[in-house]
Amino acid sequence: MGNSGRSLIITFLVIVAILLLALIGLLSYNIWVLGQDDLIEDSATLYLVDSSVRMDEPLGDGDTTRLEAAQRFVSQSAIRLPETEIISVHVFGSGASQVGCEDTMLLVPLSAGNQNAVVDRVGGLQAASPDAPLVKAALEAIEELVDTQPDFSGTVQLIIVTGGDGTCNDDLEQIVRTANFYGLDLEIIFVPVNSNREAG
């Protein structure tokens, strides 16, 4: 075999080796990416929004109602959440039920990437009921998460945007007990909206 023949064989072998290395690198990268996806922890943000009649009261500036401040807070905070975050909005005191202490409503069902729906629907709320069944709404938000995401194992933020305490013999410890019963890693965050302080 002449020198030209040997050169062609060597060149061919070099090309094959380069292609094999490239393939190995691509496979390794895909395996690493899949591994990183497995490391991403689920997380959920459950908003509770007070829409009772007390939310019609003005804040200290006199130009903004409690409900308007609550709507702004929920909309702005939801938009900042990642697209992978699963979000829901439950409302209490909106007039959805004529029985005051049953007056809760699922405004935005739990799902990922629903920030625009949160902004649109929260923006349309109006204050209505004299009652504020806060704990009932919280329990319904937890039950929705458990029912629709049975394999959920991440962290849960329950953000309660309210003009005051619940008015229906509310036992806040019941929220904690329910979360513990389902094995949820729950953090409860109260965002008070009253005449002296605006949500933010």
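As a reminder, the structure under discussion sits directly above these lines.
Below is a short write-up of the structure. Computed from a prediction, not measured in an experiment: that's the story for all the values here.

1. Quick look at the pattern of salt bridges
So, point 1. A full pass over the atoms with the stated rule returns five salt bridges.
So, point 2. A salt bridge links D50 to R54, with the nearest nitrogen and oxygen atoms 2.8 Å apart.
So, point 3. The residue E140 makes a salt bridge to K136 at a minimum N-O spacing of 2.4 Å. Pair noted here: E140 and K136 are both in helix α4 (residues 134-148), with a separation of four residues, about one helical turn.
So, point 4. In this structure E140 comes out as partly exposed when scored by relative accessible area, which is 27%.
So, point 5. Residue classification places K136 among the partly exposed residues on the basis of a relative accessible area of 24%.
So, point 6. Linked by salt bridges that have partners in common, E102, K136 and E140 make up one network.

2. Some remarks on α4
So, point 1. Compared with the 21 Å implied by 1.5 Å per residue over 15 residues, the 21 Å span of α4 between its first and last C-alpha is a close match.
So, point 2. Taken together, the buried positions of α4 are L134, V135, A137, A138, L139, A141, I142, E144 and L145.

3. Side note on the side chain of Q115
So, point 1. Among the structural elements, Q115 can be located in helix α3 (residues 115-122).
So, point 2. Take Q115: its relative accessible area is 4%, and that puts it in the buried class.
So, point 3. Reaching out from Q115, the side chain makes a polar contact with the backbone oxygen of P82 at a distance of 3.2 Å.
So, point 4. Here Q115 is in contact with A78, I79, L81, P82, E83 and I87, once residues within four sequence places are set aside.

4. Focus on the nonpolar core
Grouped burial of nonpolar side chains is what soluble globular proteins tend to show.
So, point 1. Ranked by internal contacts, the top residues of the largest apolar core, which has 24 residues, are Y47, V74, V89, V118 and V161.
So, point 2. Where this core is concerned, the elements lending two or more residues are β1 (43-50), α2 (66-79), β2 (86-92), β3 (104-112), α3 and β4 (155-162).
So, point 3. For this core, the leading source of residues is α2, giving six residues.
So, point 4. In this structure, Y47 is in contact with V74, S77, A78, L81, I87, S88, V89, H90 and I159, ignoring residues within four places of it in sequence.
So, point 5. F92, L110, A138 and F152 belong to the second largest nonpolar core, which has 22 residues in total.

5. With respect to the side chain of S94
So, point 1. Following the sequence through the fold, S94 ends up in the loop between β2 and β3.
So, point 2. From its side chain, S94 meets the backbone nitrogen of A96 in a polar contact 3.5 Å long.
So, point 3. Residue contacts for S94: discarding those within four places in its chain leaves S51, D103, M105, Q126 and A128.

Basis of the calculations
Residues numbered from 1 in each chain as written. Predicted model: local features only at pLDDT ≥ 70, side-chain atom pairs only at ≥ 80, totals over all residues. Heavy atoms only, no water. Salt bridge = Lys/Arg side-chain N within 4 Å of Asp/Glu carboxyl O. Helix = DSSP H or I, 4+ residues; strand = E, 2+ residues; numbered from the N terminus. Buried < 20%, exposed > 50% of the residue type's maximum accessible area, 1.4 Å probe, protein only. Expected span 1.5 Å × (residues − 1). Polar contact = N/O pair within 3.5 Å; in protein donor to acceptor, adjacent residues only side chain to side chain. Contact = heavy atoms within 4.5 Å. Core = buried A, V, L, I, M, F, W, Y, C linked by side-chain atoms within 4.5 Å.

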